[in-house]
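Residue strings, one per chain:
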Amino acid sequence: MRDVTTAHPVQDLDVQPSPLALLLLGRDADPKSERGVECPGDLPSPSDPDLVERARAAKEKLGEKVFVLGHHYQRDEVIQFADVTGDSFKLARDAAARPEAEYIVFCGVHFMAESADILTTDDQKVVLPDLAAGCSMADMATAEQVAECWDVLTEAGVAEQVVPVSYMNSSADIKAFTGRHGGTICTSSNAKRALEWAFEQGEKVLFLPDQHLGRNTAVRDMGMTLEDCVLYNPHKPNGGLTAEELRNAKMILWRGHCSVHGRFSVESVDDVRARIPGVNVLVHPECKHEVVAAADYVGSTEYIIKALEAAPAGSKWAIGTELNLVRRLANRFAAEDKEIVFLDKTVCFCSTMNRIDLPHLVWTLESLAEGNLVNRIEVDPETEKYAKLALERMLALP
């Protein structure tokens, strides 16, 4: 084996590292990545200049037979063809309100398309332009893992006291589990009300799959302490918890998180405050608890949009959420002299959300226009029954 200690250091070679190499090695900086909402990994333009016209033609041919939903985190080239934009639950409800649309094209990720299929009629067909567009958070809780967790709670003698509350950002299987066990679904907008309802039904909550939303809602909004929360790790025996810890806990948080929001840090907050005096820090509740505690404002995607709409001209904002949305808002409010920047210098796009690109959308629309159903998302009847029950409990919340 080669002794790496004898290898010649770079400076002894007649080679000068490129600026990109120095940047990747952490030995240089890219000033352009430290400005506002620009990102050194910007997505390239569509390779085919005719794609926009092809998408427009296919959508026009389909007419009212198709209804295109665009999540806020989608790239602009896709959003321009959306009939409505919004968060995952708003879009699923919008689809259900359009029964005349035979095809629902969901420009989002897999769990969102599942929710749309659950809420729409049997005659409507929900299509996801790229089946690989998943959600890392939703994938952190599988049906098998959650069933095992329930066995652990049963063995600890606490299952009868536990009410599951699952975030909208979960698979149909997890929503169905929630429905079967008397629980409800929540969004980032109504998580507090969902938890209040759950504690009216039982003494403890199993919160799936986002630990941060669960912890932030319990501690920040409901006055609990961090000690009231325990973290269940599905990769450890018994979730890494003792029976006593489960008995003492009020909130049993699943070890899951959003890969984008989970990377914001207190250092990000401190840095932006130093760079932009007077900045307002506004973050999504999927961020870590310490980041939420350091921010000025915390709220859902819809809350973020409304806050910026109501913000006075000349105000400065650093936003802790997905970059596509932040850039869109920055462009939208630039004319009103509102300075809007991305909270972090390095975290950029939601990689799975951005699998829905213009080529995939064009292929989907053209296939449907030719009478070929592609990439249909269909939830089986048994799963749909209980998932819908959990969703209906959320809709019934005052």
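**As for the sheet that holds strand β13 (residues 339-342)**
An order of β11-β10-β12-β13 is seen for the four strands of this open sheet, with the pairing classed as parallel. Both outer strands of the open sheet, β11 (297-298) and β13, are each paired with one neighbouring strand and no more. Bridge count between strand β10 (residues 280-283) and β11: two bridges; the pairing is parallel. Across the sheet, residue L282 finds its bridge partner in β11, namely Y297.

**Observations concerning the pattern of salt bridges**
Tallied over the entire structure, the rule returns 17 salt bridges. Between R98 and E100 there is a salt bridge whose closest N-O contact spans 2.6 Å.

**Description of the side chain of K204**
When you line up the elements, K204 lands in strand β7 (residues 204-208). Buried charge K204 goes without a salt bridge, the closest partner of opposite sign being E203 at 5.6 Å. In this structure the side chain of K204 is engaged in a polar contact, spanning 3.2 Å, whose partner is the backbone oxygen of L246. Not counting residues within four places of it along the chain, the set of residues in contact with K204 comprises V158, Q161, V162, V163, F199, L246, R247, N248, A249 and K250.

**Looking at the confidence of the model for the protein**
Mean pLDDT over the protein works out to 88, with 87% of the residues at or above the 70 mark. Considering only residues more than four positions removed or in separate chains, one finds that residues 1-15, a stretch of pLDDT under 50, has four contacts. Within the model, the stretch residues 19-36 combines pLDDT values under 50 with 16 contacts to residues more than four positions away or in other chains.

**Regarding the packing of helix α8 (residues 172-180) against helix α17 (residues 381-395)**
Packed helices, taken two at a time, are described by their axes: the angle between them and the distance between them. Interaxial distance between α8 and α17 falls to 7 Å at its minimum, and their mutual angle equals 65°. Between α8 and α17, the angle falls in the class roughly perpendicular. Classified by chirality, the crossing of α17 by α8 is left-handed. Across from A172, D173, K175, A176, T178, G179 and R180 in α8, the residues of α17 making contact are E382, T383, Y386, A387, L389, A390 and R393. Of the residues in the contact of α8 with α17, the class split is six nonpolar, three polar and five charged.

**Considerations on a negative patch on the surface**
Negative charge collects at one region of the surface, where E144, D173, D380 and E382 lie side by side. Inspection of the secondary structure puts D173 in helix α8. Overall, D173 belongs to the partly exposed group, its relative accessible area being 39%.

**A few points about the sheet that holds strand β4 (residues 125-127)**
In space, the five strands of this open sheet follow the order β2-β1-β3-β4-β14, with mixed pairing throughout. Edge strands, defined here as strands with exactly one partner in the open sheet, are β2 (84-86) and β14 (376-377). When strand β1 (residues 66-71) meets β2, the two strands line up parallel, connected through three bridges. Counted as the bridge partner of L69 is V84 from β2. Along the sheet, helix α16 (residues 358-369) makes contact with β1, β3 (103-107) and β4, crossing β3 at roughly 175°.

**Some details on unusual backbone geometry**
Trans peptide bonds make up most of the peptide bonds, and negative phi angles are found at most residues other than glycine. A cis amide bond links L208 with the next residue in sequence, P209, at an omega value of -20°. Mapped onto the elements, P209 comes out in the loop between β7 and α10 (211-221). Even without a glycine there, the phi angle at N238 is positive, about 60°. Looking at where N238 falls in the secondary structure, it is placed in the loop between β8 (229-232) and α11 (243-248). For N238, a relative accessible area of 39% corresponds to the partly exposed category. For D337, which is not glycine, the phi torsion reads 60° and is therefore positive. Take D337: it is sitting in the loop between α15 (323-333) and β13. Residue classification places D337 among the exposed residues on the basis of a relative accessible area of 56%.

**Details of the environment of P164**
By the element assignment, P164 lies in strand β5 (residues 162-167). In the structure, P164 is positioned 31 residues away from L195 in sequence and 9.5 Å away in space, judged by C-alpha atoms. With residues up to four places along the chain from it excluded, the contact list for P164 reads W150, F177, T178, H181, G183, T184 and L206.

**Digging into helix α4 (residues 88-96)**
For α4, every residue scored as buried is listed here: S88, F89, L91, A92 and A95. Down the axis of α4, the buried set is contained in an arc of 160°. They therefore lie on one face. For α4, the elements touching its buried residues are β1, β2, β3, α5 (110-119) and α17.

Cut-off values and rules
- Residues numbered from 1 in each chain as written.
- Predicted model: local features only at pLDDT ≥ 70, side-chain atom pairs only at ≥ 80, totals over all residues.
- Heavy atoms only, no water.
- Pairing = 2+ DSSP bridges.
- Helix = DSSP H or I, 4+ residues; strand = E, 2+ residues; numbered from the N terminus.
- Salt bridge = Lys/Arg side-chain N within 4 Å of Asp/Glu carboxyl O.
- Buried < 20%, exposed > 50% of the residue type's maximum accessible area, 1.4 Å probe, protein only.
- Lys, Arg positive; Asp, Glu negative; His and termini not counted.
- Polar contact = N/O pair within 3.5 Å; in protein donor to acceptor, adjacent residues only side chain to side chain.
- Contact = heavy atoms within 4.5 Å.
- pLDDT = per-residue confidence, 0-100.
- Axes fitted to C-alpha atoms, helices over the stretch in contact; angles between N-to-C directions.
- Parallel < 35°, antiparallel > 145°, perpendicular 65-115°, else oblique.
- Left-handed = near helix turned anticlockwise from the far one by under 90°.
- Nonpolar A, V, L, I, M, F, W, Y, C, P; charged D, E, K, R; others polar.
- Patch = residues over 30% accessible without salt bridge, like charges linked within 9 Å, V, L, I, M, F, W, Y side chains within 5 Å.
- Areas by Shrake-Rupley, 256 points an atom, 1.4 Å probe, with all protein chains shown as cover.
- Charge placed at Lys NZ, Arg CZ, Asp CG, Glu CD.
- Arc of directions from axis to C-beta.

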